[in-house]
Amino acid sequence: MNGTMQDDGHDTEVLCRVRPEWVDHYGHMNLAYYLVAFDLATDRLWPALNLGASFRARGLGTFAAESWQAYEREVVLDTPLSADSAVLAFDAKRLLIRHRLYHAEEGWLSAENEVLYLCVDLAKRRVAAWPEDVLARFAPHRTEDAPKRLALARRR
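For every chain, the first residue of the written sequence is number 1, and numbering continues from 1 along that sequence. Confidence filtering applies because this is a predicted model: local features only for residues at pLDDT of at least 70, side-chain atom pairs given and counted only at 80 or more, and all residues used for totals across whole chains, interfaces and linings. Calculated side-chain values reflect all of the structure's heavy atoms, with hydrogen atoms and water omitted.

## Section: the nonpolar core
Item 1. W46, L49, L51, L95, I97, W130 and F138 are the most contacted members of the largest nonpolar core, which totals 17 residues.
Item 2. Strands here are runs of E lasting at least two residues and helices are runs of H or I lasting at least four, both read from the DSSP assignment and numbered beginning at the N terminus. Among the secondary structure elements, those contributing two or more residues to this core are β4 (94-103), β5 (109-121) and α3 (132-138).
Item 3. Working rule for contacts: check all heavy atoms of both residues, and any pair within 4.5 Å makes them a contact. Once residues within four sequence positions are removed from consideration, L95 is found in contact with W46, L49, L51, V87, A89, F90, V115, L116, Y117, W130, F138 and L152.
Item 4. Here, nonpolar core refers to any group of buried Ala, Val, Leu, Ile, Met, Phe, Trp, Tyr and Cys residues whose side-chain atoms link them within 4.5 Å. A simple rule labels every residue: compare its accessible area, found with a 1.4 Å probe on the protein chains alone, to the largest value its type can have, and call it buried under 20%, exposed over 50%, or partly exposed in between. Listed in part, the 15 residues of the second largest apolar core include C16, W22, F38 and V75.

## Some points on helix α1 (residues 31-45)
Item 1. By this rule, a helix spans an expected 1.5 Å times one less than how many residues it contains. Counted at 1.5 Å a residue, the expected span for α1 with its 15 residues is 21 Å, and the 22 Å between its end C-alpha atoms agrees.
Item 2. For α1, every residue scored as buried is listed here: Y34, A37, F38, A41, T42, R44 and L45. Buried residues of α1, seen end-on, are gathered within an arc of 160° and therefore sit on one face of the element.
Item 3. On its buried face, α1 is in contact with β1 (16-17), β2 (60-71), β3 (80-90), β4 and β5.
Item 4. Any pair of N or O atoms that falls within 3.5 Å is considered a polar contact. Within protein, one atom must be able to donate a hydrogen and the other to accept it, and sequence-neighbouring residues count only if both atoms are side-chain atoms. The residue sitting at the N-terminus of α1 and contributing the capping side-chain oxygen is N30; that oxygen lies 2.9 Å from the backbone nitrogen of A32. Working note: the arc is built from the helix axis to C-beta atom directions.

Here's what the structure looks like:
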């Protein structure tokens, strides 16, 4: 988003570094902390989509309903991580995004994540429709890539 671009088009701005408490007894980042890193990528994406603090000030929030992760290559203590994020799909009440984590200096893919978010009225604690100004911000961030595992509606 604000860093240098690799040849494959992903941003190399350091999102975070693998911290000592994130490393497990195998010497690599524990699976739970990949979710932490992906959540940091979400926090970085939200302002571009009119989500985050200004969205919460309107009494609305985003709740994760489903998540999928794939681990491609391990990362170890102090590895600098960068991320790219894209909108995969959306409708009146749901948003499906993808994050990819990369080694920020060497450029290889470490892991990817798909997350299905719901727009929620925080006072009612019920799913609600996205406001029109928020919905309008999704399309410019949409990629033509198909989701790998998740969908807007649950498959039956």
